[in-house]
Structures are given as structure tokens and as C-alpha cells.
Amino acid sequence: MNIDVLAQLATTLEERKAASADSSYVASLHAKGLNKILEKVGEESVETIIAAKDAVVSGDKQDVIYETADLWFHTLVMLSHLDLGPQDIIDELARRFNLSGLEEKANRNK
Ligand SMILES: N=c1c2ncn([C@@H]3O[C@H](COP(=O)(O)OP(=O)(O)OP(=O)(O)O)[C@@H](O)[C@H]3O)c2ncn1[C@@H]1O[C@H](COP(=O)(O)O)[C@@H](O)[C@H]1O
């Protein structure tokens, strides 16, 4: 994975917080507020699921890539709206390295 792309995108997303909603899609999402951003995350989640199901039938995975990119992008806008960024998620995933999913789940319930 090229983490630089996420870092560069995160920098752009931070800049867009101060941009005009007329000139920037990201700024327009921030202007509409968290509920609109979450609506987009939900929409793109469903579209990703449908693309994955369709890919099993058609064998064409291009839409899975396209819809997952839309989902990641809107998730990054959500994180930015909450003053978080991809590095926070990468740090959490790194923390889980070498920790079995079963072990990690057991720790959550403690
Ligand atoms: N990676 C993306 C990106 N991926 C998807 N999208 C937009 O996300 C939207 C996808 O949602 P939909 O298909 O549902 O679009 P829609 O129908 O217009 O949305 P609604 O009206 O239903 O809310 C489209 O408008 C896409 O253009 C993105 N918009 C921006 N970026 C990045 O963000 C940067 C800043 O963008 P601006 O803020 O627009 O300058 C860009 O340079 C890109 O790097």
C-alpha cells in the first residue's frame, strides 16, 4: 500500500476545510455537516457491498475498486470532520500487528 497517497489526500482534505463550498466538493460536505457526511459513508458502504456481490457473478472487479475508493474517500472526510486522520487508523492497525483477531476481540470485552 502506498501510504503517501493517504497522507497527501489527508493534507488536501485539511486544506479544504477552509475552502468555499462552491469550489470544493469536500468543503460542501463539511458545510452540510456530519450527518450528510455519514449519509455518504452509508451510501458508499452499500454500493461497495453490491459491487462485491456483483463481482462474484460477473467476474469483473473494477466496480469493487471504484466503490471502495469512494468509501475510503468519504471515510477520510468523516475522520477529517472529527479532527482525525488516516494516521490515527494506521497507528491502531499497527498496534494490532501480531495480535490474533480472537485475542484482540477478547481484550475488547475486558
Ligand atoms: N478522492 C476524491 C473523491 N472520490 C470521490 N469523490 C466525489 O465523491 C462523490 C461521489 O458521490 P456520488 O457518486 O454519490 O456523487 P453525487 O451524486 O454528486 O453526491 P450527492 O449529490 O448524492 O451527495 C462524487 O462527487 C465524486 O467526485 C471525490 N472527490 C474528491 N476527491 C479528492 O479530494 C480532493 C479535493 O476535492 P474537492 O474538494 O472537490 O476539490 C480531490 O483533489 C481528490 O483528490
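Residues numbered from 1 in each chain as written. Predicted model: local features only at pLDDT ≥ 70, side-chain atom pairs only at ≥ 80, totals over all residues. Heavy atoms only, no water.

- An unreviewed UniProt entry lists the protein under the name Phosphoribosyl-ATP pyrophosphatase, with Marinomonas aquimarina given as the organism.
- Looking at the Pathway (unreviewed entry) heading of the UniProt record, one finds this comment for the protein: "Amino-acid biosynthesis; L-histidine biosynthesis; L-histidine from 5-phospho-alpha-D-ribose 1-diphosphate: step 2/9."
- Looking at the protein in UniProt, the text filed under Catalytic activity (unreviewed entry) is "1-(5-phospho-beta-D-ribosyl)-ATP + H2O = 1-(5-phospho-beta-D-ribosyl)-5'-AMP + diphosphate + H(+)". (UniProt positions renumbered as here; feature names shortened; annotations may be inferred.)

**Quick word on the nonpolar core**
For step 1, the next point in the chain: Core analysis: the largest hydrophobic core is formed by 12 residues, namely Leu6, Leu13, Val26, Leu29, Ile37, Val41, Leu71, Phe73, Leu76, Val77, Met78 and Leu79.
For step 2, the next point in the chain: Those elements giving two or more residues to this core turn out to be α1 (3–16), α2 (25–32), α3 (34–58) and α4 (62–81).
For step 3, the next point in the chain: Top contributing element to this core by residue count: α4, with 6 residues.
For step 4, the next point in the chain: Here Val26 is in contact with Leu13, Arg16 and Phe73, once residues within four sequence places are set aside. (Core = buried A, V, L, I, M, F, W, Y, C linked by side-chain atoms within 4.5 Å. Buried < 20%, exposed > 50% of the residue type's maximum accessible area, 1.4 Å probe, protein only. Helix = DSSP H or I, 4+ residues; strand = E, 2+ residues; numbered from the N terminus. Contact = heavy atoms within 4.5 Å.)

**Points about the packing of α3 against α4**
For step 1, the next point in the chain: Where α3 contacts α4, the two axes come as close as 8 Å, and the packing angle between them is 160°. Our classification of the angle between α3 and α4 gives roughly antiparallel. With respect to the hand of their crossing, α3 and α4 are arranged in left-handed fashion. When α3 is examined against α4, the residues Leu34, Ile37, Leu38, Lys40, Val41, Glu44, Ser45, Glu47, Thr48, Ala51, Ala52 and Ala55 are found in contact with a partner set consisting of Asp63, Val64, Glu67, Thr68, Asp70, Leu71, His74, Thr75, Val77, Met78 and His81.
For step 2, the next point in the chain: Of the residues that constitute the contact of α3 with α4, the class distribution is 11 nonpolar, 6 polar and 6 charged. (Axes fitted to C-alpha atoms, helices over the stretch in contact; angles between N-to-C directions. Parallel < 35°, antiparallel > 145°, perpendicular 65-115°, else oblique. Left-handed = near helix turned anticlockwise from the far one by under 90°. Nonpolar A, V, L, I, M, F, W, Y, C, P; charged D, E, K, R; others polar.)

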